[in-house]
Amino acid sequence: MRWQEEDIDLYIGAKEYVDTLLIPLMPLSMDDKFDINKLTVQGELLTIFANEIEKQFKGRIFLMPTYNYMFNEESSLELTRLNNWVDKIEANPFKHIFLLTLDHQWKKHERDLAGNLLWFPAIQSGNVSSKESQVIIKDQINQLSELIRSYW
Amino acid sequence: MSEKKQQVSRRQFLNYTLTGVGGFMAAGMLAPMVRFAIDPVLQPAAQGNYQAVAQLDEITNEPQRFDWTMDQVDGWYESTVTKSAWVYRNDNDEIIALSPVCKHLGCFVSWAGSEDYPDQFFCPCHDGRYFKDGENVPGTPPAAPLDEYEFKTEEGTLYLGKAKPKGGVI
Ligand code: FES
């Protein structure tokens, strides 16, 4: 389910069935010293992953709007803010909280995160919609959904 | 084609009007009304067509999943959506095309998705199950059978239309 009127009605009537929260973490930057190109490709991929997972598991996963932050080498500030976010949401009982990202910096903080980190390496080639990428992406999505199911 | 052109100009017109009126406030107030107003016009053009989904000789007695994409207009959003169906031939050699969307809360079901029930559709979210013909297994969360796609066949190709509720036993 998503953060939209139609789904919220459904969610309110079926809260006990929706026990899993998915939060995509997407870094942004306009700074030339980073590879902005790569960041946008990763951003697109993240959105594709999140949407596909939501579609497959609509009845059990609530997809939060994407958590955006400035891409930076020093991410401990974000860590506090994100954990805060999750804590607030956790007051509404979700049994499983997944943080989905392609930003490897979160990997360093995995132990301190208030949720299960699902980190995925990005495919390197630029075009997300090319035939080859699609095959790889499909495969990654399958792995991702299996991983999520293994927690249930 | 001409219908398509009309849609665009209609949308542009609305866009201009909204931006003209000014800002998000107005857009927020108008959105529900506008959506109500354009929906009936846009729906028939974007949906209701049959899409080529599979070759008839690919279809076996075992349900297989076929995916296809189509353009969809939904209020403000215009997008390419991927649709899926579980397709097979039943014992009377009739084609059955079932929607994979679980009637409980909308997860995707898969044929033989659970090792324990190799001849049923299984929903991974809350263990909902359906028999091969799409009827929901009593005692599992879903309260209705899987929707069934309208279909037609032409020159060896299967075309699917809209998924319709089967309205069988509860
Ligand atoms: S969504 Fe399929 S059983 Fe709940």
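Residues numbered from 1 in each chain as written. Chains lettered and ligands numbered in written order. Predicted model: local features only at pLDDT ≥ 70, side-chain atom pairs only at ≥ 80, totals over all residues. Heavy atoms only, no water.

Chemist: Help me understand the interface of chain A and chain B in this model?
Modeler: How big an interface is tends to be stated in terms of accessible area lost as the parts join. At the junction of the two partners, chain A supplies 14 residues and chain B supplies 13 residues. Interface area, chain A with chain B, both sides summed: about 1,100 Å², of which 58% is carbon and sulfur. Our count for the contact surface shared by chain A and chain B stands at one salt bridge. The partner of K138 of chain A in a salt bridge is D67 of chain B, and the shortest N-O contact between them spans 4.0 Å. Across the chain A-chain B interface, the total number found is five residue pairs in polar contact (both at pLDDT 80 or more). Among the elements of the structure, α1 (5-13), α2 (36-56) and α5 (131-151) of chain A are those that each provide at least two residues to the side of chain A that touches chain B. Residues belonging to the side of chain A that touches chain B are distributed by class as follows: six nonpolar, two polar and six charged. (Contact = heavy atoms within 4.5 Å. Buried area = accessible area lost by both parts, 1.4 Å probe. Salt bridge = Lys/Arg side-chain N within 4 Å of Asp/Glu carboxyl O. Polar contact = N/O pair within 3.5 Å; in protein donor to acceptor, adjacent residues only side chain to side chain. Helix = DSSP H or I, 4+ residues; strand = E, 2+ residues; numbered from the N terminus. Nonpolar A, V, L, I, M, F, W, Y, C, P; charged D, E, K, R; others polar.)

Chemist: Teacher, can you tell me more about the nonpolar core here?
Modeler: Generally speaking, nonpolar side chains in soluble globular proteins are found buried as a group. Counting residues in hydrophobic clusters, the biggest one holds 35 residues, and the most contacted among them are F49, I53 and L100 of chain A together with V109 and F121 of chain B. Taken together, the elements giving at least two residues each to this core come down to β1 (20-28), α2, β2 (61-63), β4 (96-101) and α5 of chain A together with β3 (77-89), β4 (95-98) and β6 (121-123) of chain B. With six residues, the top contributor of residues to this core is α2 of chain A. The contact partners of F49 of chain A, leaving out residues within four places of it in the chain, are L100, L102, F120, I137, Q140, I141 and L144 of chain A. The next biggest cluster of nonpolar side chains, apart from the first, holds 22 residues, and it includes L21, M64, V86 and L113 of chain A. (Core = buried A, V, L, I, M, F, W, Y, C linked by side-chain atoms within 4.5 Å. Buried < 20%, exposed > 50% of the residue type's maximum accessible area, 1.4 Å probe, protein only.)

Chemist: Is there a simple way to explain the confidence of the model for chain B in this structure?
Modeler: Residues shown with low pLDDT carry predicted positions that ought not to be read at fine detail. Residue and element names in this part refer to chain B. For chain B, per-residue confidence averages 78 on the pLDDT scale, and residues scoring 70 or more make up 69% of the total. The secondary-structure element of chain B with the lowest mean pLDDT is helix α2 (residues 23-46), recorded at 42, while β6 shows the highest, at 97. Counting interchain partners and residues more than four positions distant, the pLDDT-below-50 stretch residues 1-6 has one contact. Predicted confidence for residues 21-47 stays below pLDDT 50, and this span has 25 contacts to residues more than four positions away or in other chains. The ipTM value of the predicted complex is 0.84, and its pTM value is 0.77. (pLDDT = per-residue confidence, 0-100.)

Chemist: For this particular structure, what's the right way to read the confidence of the model for chain A?
Modeler: For chain A, mean pLDDT is 88; residues scoring 70 or higher make up 95% of the total. Averaged over each element, pLDDT in chain A is lowest for helix α3 (residues 76-90) of chain A (85) and highest for β2 of chain A (96).

Chemist: Can you walk me through a negative patch on the surface in this structure?
Modeler: A surface patch of negative charge is lined by E5, E6 and D9 of chain A together with D74 of chain B. In terms of residue count, the dominant contributor to the negative patch is α1 of chain A (three residues). With respect to the helices, strands and loops of the structure, D9 of chain A is situated in helix α1. Judged by relative accessible area, D9 of chain A falls into the exposed class, the value being 55%. (Patch = residues over 30% accessible without salt bridge, like charges linked within 9 Å, V, L, I, M, F, W, Y side chains within 5 Å. Areas by Shrake-Rupley, 256 points an atom, 1.4 Å probe, with all protein chains shown as cover. Lys, Arg positive; Asp, Glu negative; His and termini not counted. Charge placed at Lys NZ, Arg CZ, Asp CG, Glu CD.)

Chemist: Explain the sheet that holds β6 of chain B here, please?
Modeler: Hydrogen bonds between backbone groups are what pair the strands of a sheet, and the pairing can be parallel or antiparallel. All names here are of chain B. With antiparallel pairing, the three strands of this open sheet are ordered in space as β5-β6-β7. Single-partner strands in this sheet number two, and they are β5 (110-111) and β7 (128-130). Sheet analysis places β5 next to β6, joined by two bridges and oriented antiparallel. What sits directly across from S110, in β6, is F122. (Pairing = 2+ DSSP bridges.)

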